[in-house]
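Fold and contact review
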Amino acid sequence: MLAVHLVAFYFSKLQEDPTKKVDRFLHAMRLHDSQLTDISARLQAEMKKGLLSDSYAAATVKMLPTHIHSTPDGTEKGQFLVLDLGGSQFKVLQVKVREGMGVRRGGVQMEEKTYPMPKELLIGKGTELFDHVAESLKGFMHEKNISLEKRHPLAFTFSFPCEQSALDKGSLLSWSKNYRARGIQGKDVVQSLREAIDRSGGVDVEVLAMVNDTAATMMTCGFDDKYCEVGLIIGTGTNACYMEELSHVDLVEGDEGRMCVNTEWGGFGDDGALKEFITEFDEYVDAASHNPGKQIFEKMVSGMYLGELVRLVVLKMAKLGLLFDGHVSDALRAKGGITTAHVAAMEEYYHGLKNTRNILMQLDLSPSSDDCVAVQHVSTIVSFRSSNLVAAGLAAILTRIKQNRNLRTFRITVGVDGTVYKTHPQYPKRLHKVVRRLHPDCSVRFVQSESGSSKGAALVAAVAQRLASRRRQVDATLSPFRLSPEQLQLVKTRMRAGLEAGLKTKGPSAVKMLPSYVYRTPDGTEQGKYIALDLGGTNFRALLVKFRKQRPRLYHKIYTIPLEIMQGTGEELFDHLAQCVGDFLDNMGMKNARLPAGFTFSFPCEQTAIDTGILMNWTKSYKATDCEGHDVANMLREAIKRHNEFDLDIVAVVNDTVGTMMSCAYEDPQCEVGLIAGTGSNVCYMEEVKNIEKIVQKKDRTEREEGRPEGEEEEEKEQGDRTEGKKMDGGDEKMCINTEWGGLGDDGSLDDIITPYDIEVNQSSVHPGEQRFEKLTSGMYLGEIVRQVLLDLTRGGLLFRGRVTEALKTPDIFQTKFLSQIESDRLALLQVRSILQQLGLESTCDDSIIVKEVCGAVSHRAAQLCGAGMAAVVDKIRENRGLDHLNITVGVDGALYKLHPHFSGVLQETTRDLAPQCNVTFLPSEEGSGKGAALIAAVALQKQ
């Protein structure tokens, strides 16, 4: 009875508007924006599952890596053979990219031939299928007179789901469409192709790339539109690809840059995610397919199924008496009676109804005018649902790209191919409209692929060649920065020789080895108030340090040293310092108190006592006149007298390295080495006094001048007298030596590792020819070395599209702080591009990767060189003390060590590798060399 009532109900509606009748019958296929947004969110979740290694196996959207790392940039060039296998026909092509006469700049020229693909090959042996492909290739080359004597690069478009482990390796996951060739699934299809070509004989090709048709479409459109980073196929099948951040692709090693991911979104819904959107007609189509339960999304969308969906709807309506007065023909009952081409014809603007009538009459039906309108509307709803679902899929991809790149709005181009998109008169407009409605914050452009996926496959090969060539050139450029263990061992040996030579009085030494007259480190009993003054870079720091039984308290103020003061007269410089000190004491309310002061002066000084320091030479950006050869402590005292507002008792002149060691030794008694790795680079350490010839000889000379009998020291040695200050050539007494290791190489000893970029930086510096080791290792110079490398790469066309901007030509614009930022593991390439943009450098994703690599090479070498130098120092200390194993702490200060994400780790690793008998702990200084200067003053006063 229910069936009778239903028929009566439908019969009562026969006289109404035929489109409304269809709307009511197919209401489940009419999707609203809220439903599309829901579908898009579900697809996003599946995409994320497909990218993660722990959920990939369960994901219906496989998100297959393609190993395509870059879209075309317009510089690609070459001749390529292309095989295109994926549908009912097979094509062989010769593609010329910017080759030969008549090809426009940046253009592509193609010759192709289509070969039939017999049905028996689709379901036969896989070897027979690939033998047919190889023979067709061979025939094409003969026909086109392509030389068989030279090796030809070849790209292979293979439009089936493959798991690729490299650009030229891919295992077939499953056949789709009508292909079911045996013995290929699970195997490397590129290897199967190579074997077939070998069996054919007489052809020499190099298969560079295997490409999915979707990725090839993106590459084809990307050749003419740099914003094209999405590929879409809506034809016999459907699929999409896009450029994903490599850091999100778990199945591939590495996290720099992007990679094209083939979503294989046709499988979306295989786990029931689209259950409430699936109609009975979708269920019929799925059940009758060769792969039931698989490719659910594709069966709702693609051209292989749209015509069948329309036929099933029309058949059901006819059976219910809603069409053709209830008449059902055998032709209408037959599968395939309505094709997707019919659907497109029925929806033509001007001839749609006429086409509909003709198609229905071919099915042995006698349609009325209302029947034609109704069937046309069925086609519209089925195809409209397809475009809506594709729009929801694209919205998911666009959302992911937007989130990946942390953008509010962005511009992107979608490259599209496929017969449904190209032949259906209204499909593109509907798709574009819905995508823009779902993603109003995205400026989306759709570009139809004119040359299909074959051109794209050639471009993938061309891009691969370009990237490989660029990789070789970049590697060659950076190769001199990558030091071998043998080279590092030589640096250690040369540093050790420099240390030894600097301790002697005879012969020149690039490593100065300056005595500091600091004989011991703090013991924790230091008390009182001290002023510390710290000059070493662009800032001058004044501190008040109060030592108590608890932790010391510090108060400080920082003052800027203008460049004109650094490079003016010495009197102007020290008057400026005295003015700063006066201001600080005024702020602290201590102008009338005469406090002891330690003066940290971070330039090479020859000291004859702890409270004197003769400036040997300026470094960094300083070159104030009438200072070199003068006692800087006296120059400050005289400036204070000229100021005539306060008085200070300068009891110690300290290098910042020594101050850092003393500061850390207050926390760790094992700290006997100080390292500065910041604007400058230097090391100090506690050396045996007996090894410091200049101190021993000075003491001997002083004693003789005072009338001490010769031989008395030997007599004291025999008597075992070890009183402090009376025995300078033996015993356990130590003195801190400021190595000034930055001068290593000034004698040419590092010429074999110095690059042309280092030479350029040295020649352009304030002090050419000096501090060669420091110019390889310190923050003042690393950024400029990077700029020189980037300039060279750009001039060679390997960066920034070969455009040398004024910014790139500006010395010192690339500061070392940018290295620390760019090399941060947490920094996305988009942020790297932002930093470069601030410097006036417009970069692509590929450019950003190379810039990061250049920064890494320069900073890694700097850290390794410091590690080699440190290994020389700690090994010397160990041997001085006759130890098989040494435990020692190094106090460290400097922005390069503290702020660069990898410098400290590489430094420590290199030290460990080159000094395996030393257990070296690196302790960052919390308060810097200022606290150390105050401690040295306190220790010096305690000794008096």
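Residues numbered from 1 in each chain as written. Predicted model: local features only at pLDDT ≥ 70, side-chain atom pairs only at ≥ 80, totals over all residues. Heavy atoms only, no water.

1. Observations concerning the overall build of the protein
To keep it simple, the criterion reads: Numbered from the N terminus, helices here are DSSP runs of H or I no shorter than four residues, and strands are runs of E no shorter than two. Here the globule rule reads 2.2 Å times residues to the power 0.38, and the radius of gyration is calculated from C-alpha atoms. Categorising residues by exposure relies on relative accessible area from a 1.4 Å probe, with only protein chains included: less than 20% of the type maximum marks a residue as buried, more than 50% marks it as exposed, and the intermediate range marks it as partly exposed.
If you tally the helices and strands in the protein, you get 33 helices and 26 strands. In terms of overall size, the protein is more extended than a compact globule, its C-alpha atoms giving a radius of gyration of 39 Å where 944 residues would be expected to give roughly 30 Å. A principal-axis box enclosing the C-alpha atoms of the protein has dimensions of 135 × 70 × 50 Å. Here the protein holds 944 residues, and the buried ones make up 57% of them.

2. Details of the packing of aromatic side chains
The way to describe two aromatic rings as a pair is by their centre distance and the angle between their planes. As a reminder of what qualifies: The rule is short: rings of Phe, Tyr and Trp, with Trp giving its six-membered ring, pair when the centres are within 6.5 Å, and they are stacked under 30 degrees, edge-to-face over 60, tilted in between. The criterion for a charge sitting over a ring is simple: Lys NZ or Arg CZ within 6 Å of the ring centre, and within 35 degrees of the ring normal.
Applying the stated criterion across every chain yields a total of 24 aromatic pairs. Taken together, a centroid distance of 5.3 Å and an interplanar angle of 70 degrees make the contact between Trp741 and Phe773 edge-to-face. With a gap of 32 residues between them, Trp741 in the loop between β24 (734–738) and α25 (756–764) and Phe773 in helix α26 (residues 772–777) connect regions that are remote in the sequence. Accessibility assignment for this pair places Trp741 and Phe773 in one class, buried. Ring pairing ties together the aromatic residues Phe130, Phe156, Phe158, Phe160, Trp175 and Tyr179, which thus form one cluster. A cation sits over an aromatic face here: Lys62 above Tyr56, 5.0 Å from the ring centre.

3. Considerations on the sheet that holds strand β3 (residues 89–97)
Spelled out, the test is: Here a strand pair is declared whenever DSSP counts at least two bridges between the two strands. As a rule, the C-alpha atoms of each element are fitted with a line to give its axis, helices using only the stretch in contact, and angles between N-to-C directions run from 0 to 180 degrees.
Spatial ordering of the open sheet is given by β4-β3-β2-β5-β8, a layout of five strands whose pairing is mixed. The open sheet has two edge strands, β4 (108–116) and β8 (205–211), and neither has a second partner. Strand after strand, the sheet turns through a mean of 20 degrees between neighbouring axes, direction not considered. Relative to β8, strand β5 (residues 152–158) runs parallel, the two being bridged by six bridges.

4. Overview of a negative patch on the surface
This is how the line gets drawn: Each patch is built from salt-bridge-free residues with over 30% relative accessible area, joining like charges within 9 Å and nonpolar side chains (Val, Leu, Ile, Met, Phe, Trp, Tyr) within 5 Å. Only the protein chains shown count as cover for residues, and the accessible areas themselves come from Shrake-Rupley with a 1.4 Å probe. The working definition used for a salt bridge is a side-chain nitrogen of Lys or Arg within 4 Å of a carboxyl oxygen of Asp or Glu. Charged-residue counts in this description rest on Lys and Arg as positive and Asp and Glu as negative, His and the chain ends being excluded. Charge coordinates come from a single atom per side chain, which is NZ of Lys, CZ of Arg, CG of Asp or CD of Glu.
Residues Glu628, Asp746, Asp747, Asp751 and Glu770 make up a contiguous surface patch of negative charge. Inspection of the secondary structure assignment puts Glu770 in the loop between α25 and α26.

5. A few points about the nonpolar core
We apply this condition: Grouping buried Ala, Val, Leu, Ile, Met, Phe, Trp, Tyr and Cys residues that are joined through side-chain atoms within 4.5 Å yields what is termed a nonpolar core. In this analysis, two residues are considered to be in contact whenever any of their non-hydrogen atoms come within 4.5 Å of each other.
Membership of the largest hydrophobic core comes to 114 residues, with the highest contact counts inside it found for Val673, Leu675, Phe814, Val851, Phe903 and Phe922. The greatest single-element share of this core, amounting to 18 residues, is contributed by helix α30 (residues 845–880). Aside from chain neighbours lying at most four places away, what touches Val673 is Met661, Val683, Cys684, Tyr685, Met870, Val873, Ile877, Ile888, Thr889, Val890 and Gly891. Counting 86 residues, the second-largest nonpolar core is a separate cluster that includes Tyr242, Leu363, Tyr421 and Val434.

6. So, the confidence of the model for the protein
Put simply, the rule is: Residue-level confidence of the predictor, termed pLDDT, takes values from 0 up to 100.
Model confidence for the protein is summarised by a mean pLDDT of 88, while 92% of its residues fall at 70 or above. Low confidence marks residues 101–105, where pLDDT is under 50. Its contacts with residues over four positions away, or in another chain, come to five contacts. Overall, residues 709–730 carries pLDDT values under 50, and its contacts beyond four positions in sequence, including any with other chains, amount to 29 contacts.

7. Digging into the state of the cysteines
Here, the word disulfide means a covalent bond between the sulfur atoms of two cysteines. Convention followed: In what follows, a disulfide is any cysteine sulfur pair within 2.5 Å.
Taken as a whole and judged by the stated rule, the model has zero disulfides. A disulfide-free cysteine, Cys605 has its sulfur positioned 10 Å from the sulfur of Cys627, the nearest such atom. With a relative accessible area of 6%, Cys605 lands in the buried category.

8. Some thoughts on a positive patch on the surface
Together, Lys226, Arg411, Arg801 and Arg803 line one region of the surface with positive charge. Of note, Arg803 is situated in the loop between α27 (779–795) and α28 (816–822).

9. Here we look at the packing of helix α18 (residues 485–503) against α30
Note the cut-off: Any angle that falls under 35 degrees is termed roughly parallel, while one over 145 is termed roughly antiparallel, one within 65 to 115 roughly perpendicular, and all others oblique. With the far helix as reference, a near helix turned anticlockwise by less than a right angle produces a left-handed crossing, and one turned clockwise produces a right-handed crossing. Residues are sorted three ways: Asp, Glu, Lys and Arg are charged, Ala, Val, Leu, Ile, Met, Phe, Trp, Tyr, Cys and Pro are nonpolar, and all the rest, Gly among them, are polar.
Interaxial distance between α18 and α30 falls to 8 Å at its minimum, and their mutual angle equals 50 degrees. With respect to their mutual orientation, α18 and α30 come out oblique. In the packing of α18 onto α30, the handedness of the crossing is right-handed. Contacts from Leu488, Val491, Lys492, Met495, Arg496, Leu499, Glu500 and Leu503 in α18 reach Gln864, Leu865, Ala868, Gly869, Ala871, Ala872, Val873, Asp875, Lys876 and Glu879 in α30. Within the contact of α18 with α30, the residues separate by chemical class into ten nonpolar, two polar and six charged.

10. A look at the environment of Ile561
Within the secondary structure, Ile561 is located in the loop between β17 (553–560) and α19 (563–566). Residue class for Ile561 comes out buried when judged on its relative accessible area of 3%. Along the backbone, Ile561 and Cys580 are 19 residues apart, and their C-alpha atoms lie at a distance of 10.0 Å. Once you skip the residues sitting within four places of it in the chain, Ile561 turns out to touch Leu535, Gly537, Thr538, Asn539, Phe540, Met566, Leu573, His576, Leu577 and Tyr622.

11. Description of the pairing of strand β18 (residues 596–601)
Within β18, six of the six residues are buried, which leaves it mostly tucked inside the rest of the structure. Side chains of β18 alternate between two faces, with Pro596, Gly598 and Thr600 and Ala597, Phe599 and Phe601 buried alike. Pairing analysis gives five bridges linking strand β15 (residues 528–535) to β18, with the strands arranged parallel. Across the sheet, Asp534 pairs through a bridge with Thr600, a residue of β18. Where β18 and strand β21 (residues 649–654) come together, five bridges link them in parallel fashion. Its bridge partner lying in β21, Pro596 is registered against Asp649.

12. Brief notes about the sheet that holds strand β22 (residues 671–677)
Pairing in this open sheet of six strands is mixed, and the strands run β14-β24-β23-β22-β25-β26 from one edge to the other. Each of the sheet's edge strands pairs with one partner strand only, and the pair in question is β14 (514–515) and β26 (918–924). Pairing between β22 and strand β23 (residues 681–688): five bridges, direction antiparallel. Looking at β23, one finds that Ala677 is bridged to Ser681. Its contacts with the sheet place α30 against β22, β23, β25 (886–893) and β26, and it is angled at close to 5 degrees to β23.

13. Looking at helix α14 (residues 369–404)
We apply this condition: Helices are assigned an expected span. That span is 1.5 Å times one less than the residue count.
If you check α14, its first and last C-alpha atoms are 52 Å apart, about what 36 residues at 1.5 Å a residue would give, namely 52 Å. Counted residue by residue, α14 has 30 buried out of 36 residues, so it is predominantly covered. Just past α14, the residue Asn406 takes up positive phi, approximately 55 degrees.

14. With respect to unusual backbone geometry
Not every positive phi belongs to a glycine, and Asp325 is a case in point at roughly 55 degrees. By the element assignment, Asp325 lies in the loop between α10 (303–319) and α11 (330–333). The phi torsion at Asn406 lies on the positive side, around 55 degrees, for a residue other than glycine. Tracing the backbone through its elements, the reader meets Asn406 in the loop between α14 and β12 (410–417). Residue class for Asn406 comes out exposed when judged on its relative accessible area of 68%.

15. Here we look at the side chain of Ser383
Tracing the backbone shows Ser383 in helix α14. Judged by its relative accessible area of 0%, Ser383 is buried. In contact with Ser383, not counting residues within four places along its chain, are Val343, Glu347, His424, Tyr427 and Arg430.

16. Observations concerning helix α16 (residues 427–438)
The end-to-end C-alpha separation of α16 is 17 Å, in line with the 16 Å expected for twelve residues at 1.5 Å each. Three or more residues of α16 are buried, namely Tyr427, Pro428, Arg430, Leu431, His432, Val434, Val435 and Leu438. On its buried face, α16 is in contact with α3 (33–51), β9 (228–234), α9 (296–301), α14, α15 (419–423) and β13 (442–448).

17. Points about the packing of α3 against α14
It is the contact of α3 with α14, at a shortest axis distance of 8 Å, that shows an interaxial angle of 55 degrees. Compared by their axis directions, α3 and α14 come out oblique. Read as a crossing pair, α3 and α14 show a hand that is right-handed. Judged by residue contacts, Leu36, Ile39, Ser40, Leu43, Gln44, Met47 and Leu51 of α3 engage Asn388, Leu389, Ala392, Gly393, Ala395, Ala396, Ile397, Thr399, Arg400 and Gln403 from α14. Residues of the contact of α3 with α14, tallied by class, amount to ten nonpolar, six polar and one charged.

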